[in-house]
Amino acid sequence: MNSAVIGANENIASHENYLSSGWNWRSWLLTLDHKRIGILYVVSITLLFGIGGAAAALIRLDLLTPHSQLVSIETYNKLFTMHGVIMVWFFLIPSIPATLGNFLIPMMVGARDLAFPRLNLLSWYLFVFGALFTIYALLSGGDDTGWTMYAPYSTSFSTSHVFAVATGVFIAGFSSILTGLNFIVTVHEMRAPGMTWFRLPLFIWAMYATSLILVLATPVLAMTLMLMGIERTFGIGVFDPGLGGDPLLFQHLFWFYSHPAVYIMVVPAMGVASEIISCFCRNPVFGYRFMAYAILAIAAFGFVVWGHHMFVSGQSAYAGTVFSLLTFLVSVPSAIKVFNWTATLYKAHVSFEAPMLYALGFVGLFTIGGLTGLFLASLGLDEQLHDTYFVVAHFHYIMVGAAVMAFFGGIHFWWPKITGRMYPEGWARFCAILTFIGFNLTFFPQFILGYLGMPRRYPDYPPEFQVWNVLSSAGSSLLVFGYVLPLAYLLWSLKYGAKAPANPWDAKGLEWQTESPPPTENFHTTPIVTEEAYAYRTESAHG
Amino acid sequence: MDALPFFPVRASTIGGPIDDLYFAWLILSGVVALAVAVLIVWFAIRYRRGSPASRAIADAATHARTMHHIEITWTIVPMALFLGMFVWSAEVYYDAVRVPKDALPIYVVAKQWMWHAEHPAGEREINELHVPLNRPVVLVMTSQDVIHSLSIPDFRIKQDVLPGRYTTLSFTANRPGEYRLYCTQFCGTSHSNMVGRVLVMEPVAYEEWLSAHANVPTMASRGERRYRELGCDGCHGAQAAVHAPKLEGLFGRPVPLRDGRTVLADERFIRAAVLLPNQDVPAGYEASMPSFRGQIGEEELLEIIEYVKSKGNATPEVLP
Amino acid sequence: MAEHAATFAHQHQFDDAEQQRTAANLGIWLFLATEILFFGVLFAAYAITRVRFPEAFAAASRLTNLPLAGINTAVLITSSLSMALAVHAARHGARRALVGWLSLTVALGVAFLAIKGVEYRIDFLEHLVPRLDFRYEGPQADQVELFFYMYFFITGVHALHVLIGIGCIATIAVMASRGRFGPDYYTPVDVTGLYWHLVDVIWLFVFPVLYLVSRS
């Protein structure tokens, strides 16, 4: 790598960097630096993760007994709704893109910042503004429609704060759109000399595909929420069957966004996994081009499978057949990726630092989550499984098991770069393993509950389901530790962690060629790229 | 079959095929997940940093070609497997949703937060469903308010129940006993209390149950009474002065419409005709039928439909 | 943003002015794509509902104000022309022409909204506003009301976009009058122009769909 960077491995205690350049409110709240904006997002989504997680804890506590009186039924309905709304729109959708994406994309392509820094800051403010609306809704009594807000319950029957929540999500949607727009333009226009498309890290490919979905799918959600909100307010609309409207129209519009949305949540995690696995294998990712094309295929196909959420909704059997077929096809690129990650370990030099443990956990949990998606894609079988705990387990395996593990892995992997400090390795490995075990204990019993028939969104259930619910709740207590402990030791490391060199992992990638933490302009001189991505095997080492 | 501790009882004829699908997926995904796990663990140990295993790649060109073939293989093989499973599962699905011609209809109206069932012979049930053993049954369902979903896990069946529409759910119960029934589409506060039981009865017991309700008027007779109360006879009856379609022999027949289309006179057609009459006007008639929206409840509509069925051609082509 | 056109300095994250220009161009096209998907949902909802109730929607469409909407179509198309001429003027550094054409575009945009306001008022007086003293004596009145719900929704969202466009163009006009643009930097004019053209194009779908096609 030929890039003129100062002191790649020296101790950088006192150099000027993006963190040291200003510490007052203005320098943070009016920053245009993509790195600081990434950190603003980290703080916001951590808070929201806490709120969503508290709701989940209450849910699992309530489900310990079949007819629990821990919370009232009304409160329970609001808890699972707010859990879903906050976790999907205010944690998962922004998580990797707005934190790691914001921080790393310019650095990985060799740029000084994103294409539109002011739009980037606006994105964060829109996100916060939207979150405040949602929190307002929460504090004034919550919403009880489920995060899916199906009509006509949401438009004509619920007396909860549906409109406030819809508004909050609507506003946050613009944050998503602007972020995606920024990322696409940056990747297209601002790559450093020599950084061709097929030299880009797979994290960039993942963020690019995610951004396409962000830009194209989110407007559909915005309009759907608007239609729902206006109908609720004025009592007239296209979803109300009383006037001849069609409640299925809401579902089609909602899922047209919400299915691609799940790829917004998992594709970035795939990008993170590729970076971590290649680094701790000292091996290029197996099948780079297939991996890149697979990411694009997932994003593209993800737009045409939404009807698999509606097999028993009353949509025609013909439509269901088409959606089932397309859903099976969209799982092929995901399968390819799992095999390729596995193959990356072949003839590698594998080490097991915490990021690698998280990344391997991601691969395992994503495999299980993805395979169980095939159960649901099967027309005949979905009738039994739809709207049961099987679905709950499936999507938590992907969104929590896979995506959150990858997110934590990425935070750990790039923590030295972002903060200039090392986290405590022993604690981090412990938490990775604890999270993996706790997660499986929480969600695997739910597959069994699902086939037995336990419906979702049920605070009260038949007594024969209790044993599985108790196992699940027990697992969730481990998960709490797995998520809270990292917060503690990462914060601790900010002051007491070992100072990090520019490239503690000896990783490839332009972001590692500059200091930790980086200077405000990322690179002192523009890097020039002369080697392929993941050029780990070209080093001498033992072969 | 009797329940394993983590597996539901199987009480309907579609249960076998669906369970076969489920087990096939369990085995397939178990094998794949195990293979991936084993490979990851094996590679991680064998190729851990510092281990003596060889990392040499002899010939770059051959290696690249081999890897390419491997990639193609593990693209094609899953795709073929998935397509095979797709075809199998679609077949099972079509079996499940096909309504047998001689199915016994039971009408279900869902409302927040209870299930109201009506048998053609007149019996009414709340949160319970008495069905005969080994006879095909079709539930014709609608909701009075929001979307619900009727699920009987031991039968392996489920179908959303929509306001403003009829959806159907058919089954043949082949094991006597009592089974749980749930609402599985979130419908408001007491969604989780909207549960019930299905009682599958041997022929003798079923006959006894029917005869216990022998003096309840049939749905068709209740429907006829409402039909006359609302004055429908004034236009559709034999002595009517108005040119209106006759209802004898109507049900189940194709009806040519004024706009050139032809639709089937099934439950949906009758319902639409009563509530939104000028949408599908039959050929040769004026759009002059008044709407009865707001004057007829969902149960009454179903009773009127049963009445129309009873006026001839009463083997309905009930569409899924 | 440039202080003076002649000594235009590109923003720090870009390598040169050319990169900034292409980035802005790609950005606005992506934004236009989101707008198309945004309105696409409305058109889809309209189309689906129309297929369900062809006669009611036809009857309702005949009650829309074709003359006023026709005039508005001409107004908007003309404003796109003046906007294009403004961009042309900017490209050639003709400051006065640029300000003139931008001002004309603003005026035409305001005229569009004014005529729309008159049209809405007439609709209100004819009892065609849903939930606001809506009255219709013919058959399928509920579905006619549904048409007008979609009509006000779609034209309302479009009008909101027109309003935002007017604000942007007015701002650009003020900046132009202060000499902020020149042949080597007129990106904001370009970008705003594209947005305005999209607003026009969307109207060219709204008008036939709501006022023309549905009538028959």
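Further up the page is the structure itself.
Residues numbered from 1 in each chain as written. Chains lettered and ligands numbered in written order. Predicted model: local features only at pLDDT ≥ 70, side-chain atom pairs only at ≥ 80, totals over all residues. Heavy atoms only, no water.

Draft legend 1. Structural context of the interface of chain B and chain C. In this complex, chain B contributes 5 residues to the contact, which on the side of chain C involves 7 residues. Among the residues of chain B in contact with chain C, Leu276(B), Asn278(B) and Gln279(B) are the three that bury the most area, contributing 72% of the side total. Taken together, the connections running from chain B to chain C amount to 2 salt bridges. Among the ionic pairs, Arg258(B) bridges to Glu55(C), the shortest N-O distance being 3.9 Å. At the surface where chain B touches chain C, the tally comes to 1 residue pair in polar contact (both at pLDDT 80 or more). Among the residues making up the side of chain B that touches chain C, the classes are represented as 1 nonpolar, 2 polar and 2 charged. (Contact = heavy atoms within 4.5 Å. Buried area = accessible area lost by both parts, 1.4 Å probe. Salt bridge = Lys/Arg side-chain N within 4 Å of Asp/Glu carboxyl O. Polar contact = N/O pair within 3.5 Å; in protein donor to acceptor, adjacent residues only side chain to side chain. Nonpolar A, V, L, I, M, F, W, Y, C, P; charged D, E, K, R; others polar.)

Draft legend 2. Examining the packing of aromatic side chains more closely. In total, this model carries 90 aromatic pairs over all chains according to the counting rule given. Seen in terms of ring centroids, Phe444(A) and Phe447(A) are 5.6 Å apart; in terms of plane orientation they differ by 80°. Their pairing is edge-to-face. Here Phe447(A) and Phe444(A) lie together in helix 15 (residues 425-452), a separation of 3 residues that amounts to about one turn. For Phe447(A), a relative accessible area of 6% puts it in the buried group. Over the ring of Phe198(A) we find Arg289(A); its NZ or CZ atom is 3.8 Å from the centre of that ring. For Arg271(B), the ring lying beneath its charged end belongs to Tyr166(B), and the centroid distance is 5.4 Å. (Phe/Tyr/Trp six-rings, centres within 6.5 Å; stacked < 30°, edge-to-face > 60°. Helix = DSSP H or I, 4+ residues; strand = E, 2+ residues; numbered from the N terminus. Buried < 20%, exposed > 50% of the residue type's maximum accessible area, 1.4 Å probe, protein only. Lys NZ or Arg CZ within 6 Å of the ring centre and 35° of its normal.)

Draft legend 3. Spotlight on the pairing of strand 1 (residues 104-111) of chain B. Residue and element names in this part refer to chain B. Within strand 1, 8 of the 8 residues are buried, which leaves the element mostly enclosed by the surrounding structure. Burial of the side chains of strand 1 extends over both faces: Leu104, Ile106, Val108 and Ala110 are buried on one face and Pro105, Tyr107, Val109 and Lys111 on the other. Sheet topology note: the strand 1/strand 5 (residues 136-143) ladder contains 7 bridges and is parallel. Within strand 5, the position partnered with leucine 104 by the bridge is valine 137. Strand direction decides the pairing type here: strand 1 and strand 2 (residues 114-118), joined by 5 bridges, are antiparallel. Looking at strand 2, one finds that valine 109 is bridged to histidine 116. (Pairing = 2+ DSSP bridges.)

Draft legend 4. Layout of the nonpolar core. Of all hydrophobic cores here, the largest spans 329 residues; its most connected members are Trp89(A) and Phe203(A). Excluding its chain neighbours within four sequence positions, the residues that come into contact with Phe203(A) are Ile96(A), Leu100(A), Gly101(A), Leu104(A), Ile105(A), Met108(A), Pro268(A), Gly271(A), Val272(A), Glu275(A), Trp414(A) and Tyr534(A). By size, the runner-up hydrophobic cluster in this structure holds 27 residues, among which are Cys232(B), Leu247(B), Phe269(B) and Ile270(B). (Core = buried A, V, L, I, M, F, W, Y, C linked by side-chain atoms within 4.5 Å.)

Draft legend 5. Quick look at the sheet that holds strand 7 (residues 157-161) of chain B. All names here are of chain B. With mixed pairing, the 5 strands of this open sheet are ordered in space as 4-10-9-6-7. The strands lining the two open edges of the sheet, one partner per strand, are strand 4 (128-132) and strand 7. Strand-to-strand, the axes of this sheet are offset by a mean angle of 20°, without reference to chain direction. Sheet analysis places strand 6 (residues 148-152) next to strand 7, joined by 5 bridges and oriented antiparallel. Along strand 7, the bridge assignment pairs histidine 148 with valine 161. (Axes fitted to C-alpha atoms, helices over the stretch in contact; angles between N-to-C directions.)

Draft legend 6. Inspection of helix 9 (residues 247-281) of chain A at higher detail. All names here are of chain A. Here helix 9 is 35 residues long and its end C-alpha atoms lie 51 Å apart, about the 51 Å a rise of 1.5 Å per residue gives. Tryptophan 255 marks the point of greatest bend in helix 9, at about 30°. Looking one or two residues past helix 9, arginine 282 carries a phi angle of roughly 50°, positive in sign. (Expected span 1.5 Å × (residues − 1). Bend = angle between axes of the 7 residues up to and from the residue.)

Draft legend 7. Structural detail: the sheet that holds strand 5 of chain B. Residue and element names in this part refer to chain B. Read across the sheet, 5 strands follow the order 3-2-1-5-8 without closing on themselves; strand pairing throughout is mixed. Either end of the sheet is taken by a strand with one partner, and the two such strands are strand 3 (124-126) and strand 8 (167-172). The mean inter-strand angle of the sheet, taken between neighbouring strand axes irrespective of direction, is 25°.

Draft legend 8. Inspection of the interface of chain A and chain B at higher detail. Opposite the 83 residues of chain A that make contact, chain B presents 72 residues. Between chain A and chain B, a total of about 7,000 Å² is buried, with carbon and sulfur atoms accounting for 68% of that surface. Ranking the residues of chain A by area buried against chain B places Glu383(A), Tyr451(A) and Tyr458(A) at the top, with a combined share of 10%. Linking chain A to chain B there are 1 salt bridge. Between Glu464(A) and Arg180(B) there is a salt bridge, with its nearest N and O atoms 2.9 Å apart. Inspection of the chain A/chain B interface yields 24 residue pairs in polar contact (both at pLDDT 80 or more). Mapped by element, the contributors of at least two residues to the side of chain A that touches chain B are helix 3 (73-92), helix 6 (153-157), helix 9, helix 11 (317-344), helix 12 (354-377), helix 13 (379-385) and helix 15 of chain A. Top element by residues in the side of chain A that touches chain B is helix 11 of chain A. It accounts for 14 residues. Residue composition of the side of chain A that touches chain B, by class: 49 nonpolar, 23 polar and 11 charged.

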